[in-house]
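Below, each chain spelled out in residue letters.
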Amino acid sequence: MSDTLETTPYEGKATDAEHSAHEPAGHHGYIGDKQRYLNRLKRIEGQARGIRSMVEDEKYCIDILTQISATTAALESVALGLLEDHLRHCVVDAARQGDEQAEAKIREASAAIARFVR
């Protein structure tokens, strides 16, 4: 699927040069891939509704768990893509500016990574 983030968070992503050429200053790093993220999140919403329906319909536990695992993996893929975008855009921009802003962005990114890997 060309518009998903399922395979890797890096595949089909805009390069830094493409981001800087197409983004107004002050935008978040994911803005170049915003529609892809939105499309993927809509599919994840559908997966979550499907899981709810499976429980309502009293489907087999393992089948429900399999769908939960797939939904979790899809969310993790989106999160990894957003994290990469944040590092490539927001953290790199802050590092170029230096000073306290760079340190703050690095601490913020480190905290986000720590939350993600728990």
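Residues numbered from 1 in each chain as written. Predicted model: local features only at pLDDT ≥ 70, side-chain atom pairs only at ≥ 80, totals over all residues. Heavy atoms only, no water.

(A) Representation of unusual backbone geometry. The phi dihedral of Glu 58 falls on the positive side, at around 55°, and the residue is not glycine. If you trace the backbone, Glu 58 turns up in the loop between α2 (34-56) and α3 (61-97). Here Asp 99, not a glycine, exhibits a phi torsion of approximately 60°, which is positive. Structurally, the position occupied by Asp 99 is in helix α4 (residues 99-117). (Helix = DSSP H or I, 4+ residues; strand = E, 2+ residues; numbered from the N terminus.)

(B) Molecular detail of the packing of α3 against α4. At a closest axis distance of 8 Å, the pairing of α3 and α4 adopts a crossing angle of 165°. With respect to α4, the axis of α3 lies roughly antiparallel. Where α3 crosses over α4, the two elements pack in a sense that is left-handed. Within the contact between the two elements, α3 uses Glu 76, Ala 79, Leu 80, Leu 83, His 86, Leu 87, Cys 90, Val 91, Ala 94, Ala 95 and Gln 97 and α4 uses Asp 99, Gln 101, Ala 102, Lys 105, Ile 106, Glu 108, Ala 109, Ile 113 and Phe 116. Classifying every residue of the contact of α3 with α4 by side-chain character gives 13 nonpolar, three polar and four charged. (Axes fitted to C-alpha atoms, helices over the stretch in contact; angles between N-to-C directions. Parallel < 35°, antiparallel > 145°, perpendicular 65-115°, else oblique. Left-handed = near helix turned anticlockwise from the far one by under 90°. Contact = heavy atoms within 4.5 Å. Nonpolar A, V, L, I, M, F, W, Y, C, P; charged D, E, K, R; others polar.)

(C) Structural view of the environment of Ala 79. By secondary structure assignment, the location of Ala 79 is in helix α3. As a C-alpha pair, Ala 79 and Phe 116 span 37 residues in sequence and 8.2 Å in three-dimensional space.

(D) Inspection of the packing of α2 against α3 at higher detail. Two elements in contact, α2 and α3, have axes whose closest approach is 10 Å; the angle formed by their N-to-C orientations is 160°. When the axis of α2 is compared with that of α3, the two are roughly antiparallel. Note that α2 runs across α3; the crossing there is left-handed. Residues Tyr 37, Arg 40, Leu 41, Ile 44, Gln 47, Ile 51, Met 54 and Val 55 of α2 form the contact with α3, whose own contacting residues are Asp 63, Ile 64, Gln 67, Ile 68, Ala 70, Thr 71, Ala 74, Leu 75, Val 78, Gly 81, Leu 82 and Asp 85.

(E) Broad picture of the pattern of salt bridges. All chains considered together, the criterion is met by five salt bridges. Across the salt bridge formed by Arg 96 and Asp 93, the nearest N and O atoms sit 3.4 Å from each other. Within this pair, Arg 96 and its partner Asp 93 are both found in helix α3, separated by three residues, close to a single helical turn. Owing to a relative accessible area of 67%, Arg 96 belongs among the exposed residues under this scheme. The salt bridge partner of Glu 108 is Lys 105, with a shortest N-O separation of 3.6 Å. Of this pair, Glu 108 and Lys 105 both sit in helix α4, three residues apart, roughly one helical turn. Taking relative accessible area as the criterion, Lys 105 reaches 23% and is therefore assigned partly exposed. (Salt bridge = Lys/Arg side-chain N within 4 Å of Asp/Glu carboxyl O. Buried < 20%, exposed > 50% of the residue type's maximum accessible area, 1.4 Å probe, protein only.)

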